[in-house]
Amino acid sequence: MRIVRITKELQELSDQERELGRKIALVPTMGALHSGHLSLVELGKQYADSLWVSIFVNPTQFGPTEDFDSYPRTWEADVAACEAAGVDVIFAPTRDQLYPDSAQTWVDVADLSQNAPGGSRVGHFRGVTTVVSKLFIAAKPHFAIFGEKDFQQLTIVKRMVLDLGFDLEVVAGATVREEDGLALSSRNSRLSVDSRIQAGVVPAALEAVEGKVLKGERSKVNLLETARHEIEAAPLASIEYIKFCDPGTLSEVSNKLSGQVLVSVAISFPAGDPSGEPVRLIDNRLLNCTE
Ligand code: PAF
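How each quantity is defined
- Residue numbers here run from 1 along each chain, matching the order of that chain's written sequence.
- The model is predicted, so local features are restricted to residues of pLDDT at least 70 and side-chain atom pairs to those at 80 or more, both for listing and for counting; the totals for chains, interfaces and linings are taken over all residues.
- The side-chain figures draw on all heavy atoms in the structure; neither hydrogens nor water molecules are used.
- Pairing between strands requires that DSSP locate at least two bridges from one strand to the other.
- The way it works is that DSSP assigns letters per residue, a run of H or I at least four long becomes a helix, a run of E at least two long becomes a strand, and they are numbered from the N terminus.
- Throughout, an axis means a line fitted to C-alpha atoms (over the contacting stretch in the case of helices), and angles, computed between N-to-C directions, take values from 0 to 180 degrees.
- To estimate the expected span of a helix, count its residues, drop one, and scale the result by 1.5 Å.
- Buried, partly exposed and exposed residues are distinguished by accessible area as a fraction of the type maximum, computed with a 1.4 Å probe on protein chains only: under 20%, between the cut-offs, and over 50%, respectively.
- Here, residues are in contact when the closest pair of their heavy atoms is within 4.5 Å.
- Take the buried Ala, Val, Leu, Ile, Met, Phe, Trp, Tyr and Cys residues and link them wherever side-chain atoms come within 4.5 Å; each set so joined is a nonpolar core.
- When two cysteine sulfur atoms lie within 2.5 Å, the pair is treated as a disulfide.
- By convention a crossover is right-handed if, when the strands point away from the viewer, the path from the first strand over the helix to the second runs clockwise.
- Here, proximity means that at least one heavy atom of the residue falls within 4 Å of the molecule or strand.
- In protein, a polar contact means a hydrogen-donor-capable atom and an acceptor-capable atom, both N or O and within 3.5 Å, with residues adjacent in sequence counting only if both atoms are side-chain atoms; elsewhere, any N or O pair within 3.5 Å suffices.
- Accessible surface area values rest on a Shrake-Rupley calculation with a 1.4 Å probe, where residue burial reflects the displayed protein chains alone.
- Classification used: nonpolar for Ala, Val, Leu, Ile, Met, Phe, Trp, Tyr, Cys and Pro, charged for Asp, Glu, Lys and Arg, polar for all others including Gly.
- Put simply, angles under 35 degrees are roughly parallel, angles over 145 are roughly antiparallel, angles from 65 to 115 are roughly perpendicular, and the rest are oblique.
- Handedness of a crossing follows from how the near helix is turned relative to the far one, being left-handed for an anticlockwise turn of less than a right angle and right-handed for a clockwise one.

What is the right way to read the sheet that holds strand β2 (residues 24–29) from this model?
Each strand in a sheet pairs with another by means of backbone hydrogen bonds, the pair being arranged parallel or else antiparallel. Spatial strand order, β1-β4-β3-β2-β5-β6: 6 strands in an open sheet with parallel pairing. For this open sheet the edge positions go to β1 (2–4) and β6 (169–173), each flanked by a neighbour on one side alone. Taken pair by pair, the neighbouring strands of this sheet meet at an average axis angle of 25°, ignoring direction. The pairing of β2 with strand β5 (residues 143–147) spans 2 bridges and is classified as parallel. Considered in β5, the bridge of A25 is made with F143.

Rendered as structure tokens:
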């Protein structure tokens, strides 16, 4: 396994792989790897000959009051996990490789990023699409693997690939969950012990909503109430949003749900570390609301 820190070096490696007719799959990550990431690596193996993982905690997708400093960084464990998973290349660029001094170029998928519930984090998706473009330019992969856990990010990245004509296919990997249904996330390690116990209400709320939809409930107001009720059972939970959106446009749907609807939630819990920065958990579920 090679560890590459320089963009130019990665581009040359990509050219060599391409000349040999080998397909490259890239799994972009911010490190603190868990089984969810490793499931994306496994998925990548079904598509490509050479498996690449990027590890870069991207400063531009964190707001000024968010957890950039306290975001978990577990370099040695990440390298060991990649090695064990059969990863061929880790791209771990230094900050100046992706953001040269005074960088001023942004990639912004305007409407989707604004419509998306997560667009309430000002500049978040612009930071994601900018860094993902840079990673694509550096790795020149044939396939890029993203988790469905961040469905909004996945939708926005797919649009960016289409709009900018990146010559690659975006492949989506299913969310991996803990026993109580909590979606695996690097941020879970920041939860306090009590927060971790209570965080099970996040998947429980989505489950309850889906259960009601299956029984015929189509009122957004009623389903919102169902989700709120579940989450409020956890005194440590603080709701940032519970939104019902069109999975294609990410805009909020009207009160009577129909067709495919994405329910997305962002719920914060107190951290176990002394940073004071809350741990923001996101999750979603695609609801089939056809009659
Ligand atoms: O999903 C993530 O971990 C990040 O948003 C990504 C795609 C690696 C960009 O920094």
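Right, picking up where we left off after that structure.
Teacher, can you tell me more about helix α9 (residues 201–214) here?
Each α-helix winds once per 3.6 residues, and so residues spaced three or four apart point in a common direction. The end-to-end C-alpha distance of α9, which contains 14 residues, comes to 20 Å, matching closely the 20 Å that a straight helix rising 1.5 Å per residue would cover. Inspection of α9 places V201, V202, P203, A205, L206, A208, V209 and V213 among the buried residues, and these make up the whole buried set. Each element contacted by the buried residues of α9 is listed here: α8 (193–198), α10 (220–231), β7 (238–245), β8 (259–269) and β9 (279–289). Positive phi shows up at G216, right after α9, with a value of about 110°.

Quick question: what am I supposed to make of the nonpolar core here?
Nonpolar side chains in soluble globular proteins tend to be buried together. L10, W52, V132, F136 and F146 are the most contacted members of the largest nonpolar core, which has 36 residues in total. Among the elements of the structure, α1 (7–19), β2, β4 (89–91), α6 (124–139), β5 and α7 (151–164) are those that each provide at least two residues to this core. Among the elements that take part in this core, α6 stands out by supplying 8 residues, more than any other. Beyond its immediate chain neighbours, meaning those up to four positions away, F136 contacts L26, P141, A144, F146, V157, M160, V161, F166 and L168. The next biggest cluster of nonpolar side chains, apart from the first, holds 27 residues, and it includes L206, A234, F269 and V279.

Honestly, the state of the cysteines in this entry has me stumped. Any pointers?
Simply put, the disulfide is a covalent bond whose two ends are the sulfur atoms of two cysteines. Inspection of the entire model under this criterion finds 0 disulfides. Here C245 stays unpaired: no disulfide links it, and the sulfur of C289, its closest cysteine neighbor, is 12 Å away. Exposure remark for C245: the relative accessible area of 1% places this residue in the buried category.

Just checking my understanding: could you explain the pairing of β2 for this structure?
Put simply, side chains in a regular strand alternate between the two faces of the sheet. Burial within β2 is extensive, with 6 of its 6 residues counted as buried. Residues I24, L26 and P28 line one face of β2 and the alternating positions A25, V27 and T29 line the opposite face, and both faces are buried. The pairing of β2 with strand β3 (residues 50–55) spans 6 bridges and is parallel. Among the inter-strand pairings, T29 is bridged to a residue of β3, identified as I55. What joins β2 to β3 is helix α2 (residues 35–45), and the crossover it makes is right-handed.

Just to check I follow, could you spell out the sheet that holds β8 for this structure?
Read across the open sheet, the 3 strands follow the order β7-β8-β9; overall the sheet is antiparallel. Sheet topology places β7 and β9 at the edges, where each strand pairs with a single neighbour. Averaged over neighbouring strand pairs, the angle between their axes works out to 10° when direction is ignored.

Please explain the site of the ligand as it appears in this structure.
If you check the shell around the ligand, you find P28, T29, M30, N58, Q61, V128, V131, V132, F146 and Q153 and nothing else. Q61 places a side-chain nitrogen or oxygen 2.6 Å from an oxygen atom of the ligand. With respect to the ligand, the side chain of Q153 contributes an N or O atom lying 2.7 Å from an oxygen atom. When the ligand sits alone it has 290 Å² of accessible area, and the protein chains cover 85% of it. Taken together, the elements giving at least two residues each to the shell around the ligand come down to β2 and α6. Of the residues that constitute the shell around the ligand, the class distribution is 6 nonpolar, 4 polar and no charged.

Looking at this structure, I do not really get the packing of α6 against α7. What am I missing?
When two helices pack together, their arrangement is given by the angle between their axes and by how far apart the axes lie. α7 packs onto α6 with a crossing angle of 55° between their chain directions and a minimal axis gap of 10 Å. Considering the angle they form, α6 stands oblique to α7. Seen along the crossing, α6 lies across α7 with a hand that is right-handed. Seen from α6, the contacting residues are F125, V128, T129, V132, S133 and F136; seen from α7, they are Q152, Q153, I156, V157, M160 and V161. Of the residues assigned to the contact of α6 with α7, the class counts are 8 nonpolar, 4 polar and no charged.

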